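The chain contents come next:
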Amino acid sequence: HDAEPHKNELSVAENWIQMGNVRFRQKEYDEARELYNDALQMQRKVLLHHDETHSIILRTRHDIALTYFKERQYEKGLDIMKDVLEKKKERGDCDLYLVKIHLDICQVFLKLRKCADVKDHLAAASLVMKENNIPENHFYMGEKRRYEAKLMCYLRR
């Protein structure tokens, strides 16, 4: 079997994700999610052995989770995001995308005032950044400091 048609289908899925991103920026989260889900179905069909830990699938599911967060369906989004995190860890990856997962989860736990969870994920994000020698002026470092500051405010109340 030739692998080329698969490449084709993955680029179709990628187009749907781009279209979803446009909808997302327009705050049309329902439509965005629909496009992401369509892309996910295609990606799952194409990627061998339905590899649920494949980074392409993880990122699409991450996007889907973000649409739920934006609609304040935090539990739904967190269920997906925690699973994405688990699968990401299964891969043994320790990269910047892992930092992003932790920081996105932090943001939701901050909204839910779950300080212990915020602390855990901030610590995890910090560790990964240290291992990757991320410079102090990196965007994620700024985000981490912002969340730490918010956390301190909540803890002082």
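Residues numbered from 1 in each chain as written. Predicted model: local features only at pLDDT ≥ 70, side-chain atom pairs only at ≥ 80, totals over all residues. Heavy atoms only, no water.

A.B. asks: Before we go on, may I ask you to explain a positive patch on the surface in this structure?
C.D. replies: Taken together, K27, K70, R72, K111, R146 and K150 make up a surface patch of like positive charges. Within the fold, K70 resides in helix α3 (residues 55–70). (Patch = residues over 30% accessible without salt bridge, like charges linked within 9 Å, V, L, I, M, F, W, Y side chains within 5 Å. Areas by Shrake-Rupley, 256 points an atom, 1.4 Å probe, with all protein chains shown as cover. Salt bridge = Lys/Arg side-chain N within 4 Å of Asp/Glu carboxyl O. Lys, Arg positive; Asp, Glu negative; His and termini not counted. Charge placed at Lys NZ, Arg CZ, Asp CG, Glu CD. Helix = DSSP H or I, 4+ residues; strand = E, 2+ residues; numbered from the N terminus.)

A.B. asks: Explanation requested: helix α4 (residues 74–90) in the structure shown.
C.D. replies: For an α-helix, 3.6 residues make a turn, and residues three or four places apart therefore share a direction. Between the first and last C-alpha of α4 there are 24 Å, a value that for 17 residues agrees with the 24 Å anticipated at 1.5 Å per step. Residues Y74, G77, L78, I80, M81, V84, L85, K87 and K88 constitute the buried set of α4. Buried residues belonging to α4 abut α3, α5 (96–111) and α6 (115–131). G92 sits one or two positions beyond α4 and adopts a positive phi of about 75°. (Expected span 1.5 Å × (residues − 1). Buried < 20%, exposed > 50% of the residue type's maximum accessible area, 1.4 Å probe, protein only. Contact = heavy atoms within 4.5 Å.)

A.B. asks: Even after reading the chapter, I still don't get the pattern of salt bridges, so can you show me in this structure?
C.D. replies: Once their charged atoms are close, side chains differing in charge can pair, the charge on each being opposite to the other. Under the defined criterion, the tally for this structure stands at 12 salt bridges. The partner of E71 in a salt bridge is R33, with the nearest N and O atoms 2.9 Å apart. Taken together, the residues E71 in the loop between α3 and α4 and R33 in helix α2 (residues 29–46) connect sequence positions 38 residues apart. Of the charged contacts in the structure, one is a salt bridge between D93 and K88, with a shortest N-O distance of 2.8 Å. Put simply, K88, R91, D93 and D95 are held in one network by salt bridges that share partners.

A.B. asks: What's the story with the packing of aromatic side chains in this structure? I'm lost.
C.D. replies: In this description, an aromatic ring pair is defined by two values, namely the gap between the centres and the angle between the planes. Inspection of every chain in the model, using the stated rule, returns two aromatic pairs. Judged by centre distance (5.1 Å) and plane angle (70°), the rings of F24 and Y29 are edge-to-face. On the basis of an interplanar angle of 50° and a centroid distance of 5.9 Å, the ring pair of F139 and Y140 is categorised as tilted. Owing to a relative accessible area of 57%, F139 belongs among the exposed residues under this scheme. Against the face of Y68 rests R33, its NZ or CZ located 4.1 Å from the ring centre. Directly above the ring of Y97 sits R59, whose terminal nitrogen or CZ lies 4.0 Å from the centroid. (Phe/Tyr/Trp six-rings, centres within 6.5 Å; stacked < 30°, edge-to-face > 60°. Lys NZ or Arg CZ within 6 Å of the ring centre and 35° of its normal.)

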